[in-house]
Amino acid sequence: MMSAPSTPPRRGRVAVLGGGPAGMATALSVHQAGHEVVIFERYREARPAGNVLNLWPPPLKALGLIGVDTTDLGAPCVSQFRNDKGRVRATIKSDPEIEKRYGRGGGFIGLLRPELYERMLAALPPGVLRTNQTVERIEQDDRAVMLHFADGTSYEADVLVGADGIDSLVRRTLWGDSPKREHRLHAIAGYTFAEDIGGDTGFCVIGHGREVQGSWTSIRYKGRDGYQWWVLEACDPDAPPPPDLLARAKQLGRTFPHPLPQLIERTEAQQVQRWVLRDRGFLPQWSKGRITLAGDAAHATSPYAAYGAGMAIEDGYFIGRRLRGVDLTDADAVQRALQAYEEPRKPHTAFQVKMAYRNGQMFHHAPRLLRPVRDFLFDRTPFLQKVVGDTNPAEINKQLALITD
């Protein structure tokens with residue numbers, strides 16, 4: 001007896017709030033899963049909230065699988081921790097097999113955020129991104145999620161993904177408000193394409209003095225080689241920013257070895273940006289009913305993790321994969337799929353957030369009397385190499401193994 005042909009799952013409707021890396025990755029992965037998807041972005045365009053960026057191999061792999069062109073995206077780098085005299089404290093190890101596929105240093109790449117946005121936007125199907133859309137209120141029941149906009153219109157979806165950043169409306173709607181955790185740090189960052197610097201290429205150097213971090217990375221931007229840099233120091237988060245960011249960066253970077261002072265000197269003022277470091281700590285549950293969170297809305301982290309955008313991209317990838325083949329009219333099936341998305345993500349993202357916060361405190365808020373002891377430990381023992389440098393291949397391999405079709 002011939003069996004009846006199977007019926008393809010109903011095409012559901014997924015709304016994504018926020019047009020950053022988390023939102024775009026979610027939309028691309030959900031589209032591949034066969035559902036209708038739309039991104040609602042509050043601004044006139046999906047625009048990067050920063051300039052400098054680094055990515056690890058897992059988000060690179062995820063980008064390729066969701067249809068983003070990753071050809072010649074960024075400069076692969078070997079990552080090292082050094083002191084302010086140039087002494088190497090730790091080298092981030094990489095798996096040789098990963099290097100074969102993702103380049104020198106195991107695929108840790110330096111790039112600029114605008115190119116990542118441009119490539120992700122180019123991969124989006126027409127009509128998915130809707131800009132100038134301010135959501136004021138969100139409601140849900142067993143049947144659907146309703147978004148209410150500032151212009152009085154509304155939109156009904158089967159699933160809502162909150163990819164709307166650290167100040168997420170979706171997170172507040174689900175779990176109430178919670179205070180931001182101040183790291184009491186700020187970073188000033190910039191980039192340059194000056195060709196006569198004479199610095200090494202293919203490196204990401206994370207340098208630390210007693211109180212200041214001074215770092216730089218090779219970058220590749222639209223086929224052009226250059227460098228990005230950043231300096232990071234303790235600050236009062238409520239104090240006004242330095243009146244001249246570039247001048248302050250030059251002051252902080254002057255004690256570090258070549259090429260950091262020269263990179264800052266050759267940077268134009270319009271290519272410099274500052275941000276204050278904050279997060280919201282660990283959120284034990286991301287999903288409720290037909291709604292879940294992604295990216296900074298779920299796990300905002302500091303640049304000390306070098307993984308904020310990367311984790312956001314991974315989140316979006318996994319959301320689409322978990323919704324593949326799911327009947328989005330079935331509330332129970334949706335809840336199971338969203339829970340299956342977040343459970344494997346929480347240990348990984350929580351580890352990165354905690355590590356970033358801990359490192360920021362250790363390098364910038366250690367008691368003054370303990371700083372020489374800390375620096376002796378990092379300079380004269382293999383402690384930092386064991387804790388930071390040697391653990392990388394296992395973690396990268398674990399995440400890469402999860403990202404597969």
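Every chain's residues receive numbers from 1 upward, in the order its sequence appears when written. In view of the model being predicted, local features appear only for residues whose pLDDT reaches at least 70, and side-chain atom pairs are presented and counted only at 80 or more, with totals across whole chains, interfaces and linings using the full set of residues. Working from all heavy atoms in the structure, the side-chain values ignore hydrogens and water.

This is how the line gets drawn: UniProt positions are given in the numbering used here, feature names are shortened, and annotations may be inferred rather than shown by experiment.
As recorded in an unreviewed UniProt entry, the protein goes by the name FAD-dependent monooxygenase, listed as coming from Cryptosporangium minutisporangium. Taken directly from UniProt, the Cofactor (unreviewed entry) text for the protein runs: "FAD".

**Considering the side chain of K346**
To keep it simple, the criterion reads: Helix numbers and strand numbers start at the N terminus; a helix is a DSSP run of H or I with at least 4 residues, a strand a run of E with at least 2. In the analysis that follows, any N or O atom pair within 3.5 Å is treated as a polar contact, provided that within protein one partner can donate a hydrogen and the other can accept it, and provided that, for residues neighboring in sequence, both atoms belong to side chains. Contact between two residues is taken to exist if any of their heavy atoms lie within 4.5 Å; hydrogens are not considered.
Here K346 is to be found in helix α10 (residues 331-364). Among the polar contacts made by the side chain of K346, one reaches the side chain of E343 at a distance of 3.1 Å. Excluding its chain neighbours within four sequence positions, the residues that come into contact with K346 are F282, L283, P284, Q285, W286 and Q339.

**Considering the pattern of salt bridges**
The following threshold applies: In the sections that follow, a salt bridge refers to a side-chain nitrogen of Lys or Arg positioned within 4 Å of a carboxyl oxygen of Asp or Glu. Three labels apply to residues, based on accessible area from a 1.4 Å probe with only protein chains included: buried if under 20% of the type maximum, exposed if over 50%, partly exposed otherwise in between.
Counting across every chain of the model gives 27 salt bridges. One salt bridge in this structure joins R266 and D196, with 2.5 Å as the shortest N-O distance. Highlighted residues: R266 in the loop between α7 (260-265) and β17 (272-279) and D196 in the loop between β13 (181-192) and β14 (203-208), separated in sequence by 70 residues. Look at D196 and you get exposed, because its relative accessible area is 56%. The closest approach of N and O atoms between R345 and D315, which form a salt bridge, is 2.8 Å. With R345 in helix α10 and D315 in helix α9 (residues 308-323), the pair connects residues that are 30 residues apart, well separated along the chain. Residue D315 is classed as buried on the basis of its relative accessible area, which comes to 0%. Bridged by salt links that share partners, the residues R89, R210, R374, D375 and D379 form one connected network.

**Focus: the UniProt feature "domain: FAD-binding" (unreviewed entry) in the protein**
The sites that carry the UniProt feature "domain: FAD-binding" (unreviewed entry) are, in the present numbering, residues 13-350. What you have in residues 13-350 is 30% helix and 30% strand, and the ends, taken at the C-alpha atoms, are 30 Å apart.

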